[in-house]
Amino acid sequence: RCLASLFPPSAAHFERAMGCGASAQSLDFPDKEPDADDAEQEAQQKAAEAAPEELAVEGEGGAGIVVASGTRNRAKCEKTGPWLPFVRFDTSAVPKAFFTEDHLYLQHVRSGNYFSSDGDAITATGDAFDDNCVFLMELEGKDPGTPILDGMSVLLRHYASGNYLTAEDDFGDLKLEAKRPRGEKNERQLFDINKRSRPAELEHDDILFLESWLSNFIEVDTGSEARTLKARRWKQGKQQQLMVRKKRVLEAQTTELARKMQFQSFDLDGNSVVGKTEMGFLVQQVNTEADLNGIMVKVDPEQVGGAVLDTFAAWADGGEDLTEEQLQHAEALGNIAQRCRDCLNEEDCLIEVLATISGKQVPEVCKEYERLTGLNLKERIVQKTSEQDGYIFSNYWKLAMKQLLADPVELWCQALQDAMDGLGTDEDTLTALVCTIPDEFRAEIHHTYKERKGTSLLAHIESETSFNYKKVLLMQATDPIYARAEALHRAMHGAGTDEQQLIRIVTDSDYGERKQIMEVYEKHYNKSLVHHIDTEISGDFKKAMHAIFTSDMAEYDLEADVEALDEAMRGWGTDEEALIKLICSKTTNQMNDIRARFHEKKGRLLEEWVKSETSGYFQGVLLSLIRPPADQLAHAVRHCIQGFGTDDTGLITLVAHLPEYKRMALIKRYSEIFKRDVLKDIANDTSGDYKRALLACVKPAPQVWADALKGAMKGLGTADGLLINFLVLAKEHMDEVRAEFEAAN
């Protein structure tokens, strides 16, 4: 039952799982059984038992109920209170995903304030939702309604003024200015989205970082009383974390059914009246400044001892004391409180509560439980499940409950350790885990693993694997910046230099990443990376690589640069110095403009002309900078695979650490450019665990998890522990995992 709860038979895409508590009155048991003589009614009854009941919501927005299938013991329910095997989910017509032209709010996570305008200035001082805080995302050359994805470069238009967020440099405040035409410093109004989590689609309440044209991230100047915005650091930290919130989602219409469900969640004792104690408990959780006495006057005007449904709904609709968001928060808390009581009597309820809590919320749930009760929730769960040991040698019921309640970092560490401990290593499981480690948890996983195991994760992987398979897992498990610095050192260490590897790593990194790589390299190897590269290569190739590291992001004149590029390659001979100056100092967005304008004015592709006028490694580095990043990644992967033999070092370097949007882009662009399937090409050129590891670095995470689940269930018997680990790790993306599993089987 525990594992099945992760595969709900309906509502595969519910957004926020929230039980509705023991006090709900919407699921009354019928007074009598259906008439056995009525064949039609009997058939309907069987159909209802076979499939979950879904109570539809009329009109726009609101919520719905999905009732789980299965029979219940009526007498037991009457004794312990109504058992509610359902989850509430959002059936609003408003999608959580973001599209171009959607109205949104940007919230600075650390301060909790929203971006707001003060004339041309932008500050993080907004504490309420108003038109002055509303922005829209635009994509150049894309129509309204285009999905916003991780990694995209977007324009941020302020709704009230119509002006665009602009980062002029890396020390001044961000401003609002009129939209700049292409070639007139328009790249300063483009910001790259960095989610550091999946899925690739940008959704309501996502945490992200916004990267400026200088590869710095937007942050709030906490030293300024005005709380202005700057983009001055190329590191992602808590000060740079932003939350994006969709205006239409926050303002979605609340239905009559939703109000009933909120009333039920506030009615903690189930007597159909919300008393002052119940109201006070929940209101204080979400708004400590609320006037409880004033609220009770509104909800209980006749002073009958509490609020009934009609007066509660009228008060909630008014929105004077609690916003709709605060009401939903209080509703969730009320539901949890009631479901916790249900869990003392019903294993099914315990399963559903733990299976629907977000992994990121688990630590807070445990903390709040201990604050309220003085008891350790994990210990209580172990005690509860130990009462029903169903196996002589093991209790997977207990293990499943413990894993559902585990901190996400602890769960990843336990799953990794399980894959390598014991007699032999489970390579399939280890591959799936290492190749889908969330970037946001990577550092914590390394720290916690060493504390638990007494040895580092990298050391454990190294001792349990070998050859190219080991190289893939070690690189994938290592911090991306450190891994690139280490790979650069290996490319230059010893006899000979791997020039292709230098090009791959350097051109695949943006300005900010190159700064971090240089810093890590000098700290770890006690030498300058730029100086080391200069001593290993020569000629125009050396000059180009040196310029990539030392050139500052500078202003450019689009028309003048296009003419200068043409002049550098026209006639007898090529001006290599000019090509280096014009190409090696450009940002991705600047190069996009130059490439497009060059084709418009000169009637030929810049890439083709540079290719015809240059050669060798110098040509390789220039082409890598000219191509769009996704195209260059596809070309680089193809170069490692095609021909006689495979460049394993290059292939490993290219596919390690790919975020989901880059995985998707690689698969798409490889197919479009070469008319081939990159997954099939990798599979045909490699074998064994090495092949499976490379593919796991390129496939979307849900597909990797689906493959792992299949592996846990194949052969003679099921690897129950592994099955539990993967189901719990993937529970928040289970709709995608189910789809991938069904497609593969």
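Residues numbered from 1 in each chain as written. Predicted model: local features only at pLDDT ≥ 70, side-chain atom pairs only at ≥ 80, totals over all residues. Heavy atoms only, no water.

S.K.: Is there a simple way to explain the overall build of the chain in this structure?
M.R.: Counting its secondary structure elements, the chain contains 35 helices and 15 strands. For the chain, the residues scored as buried account for 49% of the 745 residues in total. In the chain, the share of contacts with a sequence separation of at least 24, taken over all contacts with a separation of at least 6, comes to 67%. Counting only carbon and sulfur atoms, one obtains 49% of the accessible surface of the chain, whose full area is about 34800 Å². (Helix = DSSP H or I, 4+ residues; strand = E, 2+ residues; numbered from the N terminus. Buried < 20%, exposed > 50% of the residue type's maximum accessible area, 1.4 Å probe, protein only. Contact = heavy atoms within 4.5 Å. Areas by Shrake-Rupley, 256 points an atom, 1.4 Å probe, with all protein chains shown as cover.)

S.K.: Explain the packing of aromatic side chains here, please?
M.R.: A ring pair, where both rings are aromatic, is described by two values, the distance of the centres and the angle of the planes. Under the criterion given, the structure shown has nine aromatic pairs. When the ring of Phe263 is compared with that of Phe312, the centres are 5.6 Å apart and the planes differ by 65 degrees; the resulting orientation is edge-to-face. One end of the pair, Phe263, is in helix α4 (residues 256–266); the other, Phe312, is in helix α7 (residues 309–318), and 49 residues separate them in sequence. Of the two residues, Phe263 and Phe312, neither departs from the other in class, the shared state being buried. Here the aromatic residues Phe263, Phe266, Phe312 and Trp315 are joined through ring pairs into a cluster of three or more. Taking NZ or CZ as reference, Lys246 lies 5.9 Å from the ring centre of Phe98, over its face. (Phe/Tyr/Trp six-rings, centres within 6.5 Å; stacked < 30°, edge-to-face > 60°. Lys NZ or Arg CZ within 6 Å of the ring centre and 35° of its normal.)

S.K.: Can you help me understand unusual backbone geometry in this one?
M.R.: Most peptide bonds take the trans form, and the phi angle of most residues other than glycine is negative. For the peptide bond that leads from Arg198 to Pro199, omega is 5 degrees, which places it in the cis range. By the element assignment, Pro199 lies in the loop between β11 (190–194) and β12 (206–211). Residue Glu101 is not a glycine yet carries a positive backbone phi of 80 degrees. Not every positive phi belongs to a glycine, and Arg227 is a case in point at roughly 55 degrees. Among the secondary structure elements, Arg227 is positioned in the loop between β13 (217–220) and β14 (229–233). Look at Arg227 and you get partly exposed, because its relative accessible area is 31%.

S.K.: For this particular structure, what's the right way to read the pairing of strand β6 (residues 121–126)?
M.R.: Along any regular strand the residues' side chains alternate between the sheet's two faces. β6 sits mainly inside the fold: five of its six residues count as buried. Where strand β5 (residues 114–118) meets β6, five bridges bridge the pair, whose relative direction is antiparallel. Across the sheet, Asp118 pairs through a bridge with Ala121, a residue of β6. Hairpin remark: β5 followed by β6, antiparallel, with two residues in the connecting loop; positive phi at Gly119, about 70 degrees. (Pairing = 2+ DSSP bridges.)

S.K.: Honestly, the nonpolar core in this entry has me stumped. Any pointers?
M.R.: Nonpolar side chains tend to gather and get buried jointly when the protein is soluble and globular. Within the largest apolar cluster, 133 residues are counted, with the highest numbers of intra-cluster contacts made by Ile445, Leu529, Met545, Ile583, Leu606 and Val637. In terms of residues, this core owes the most to one element, helix α13 (residues 408–420), which gives eight residues. In this view, Leu529 contacts Leu488, Met492, Ile517, Met518, Tyr521 and Phe549; residues no more than four positions away in its chain are not counted. (Core = buried A, V, L, I, M, F, W, Y, C linked by side-chain atoms within 4.5 Å.)

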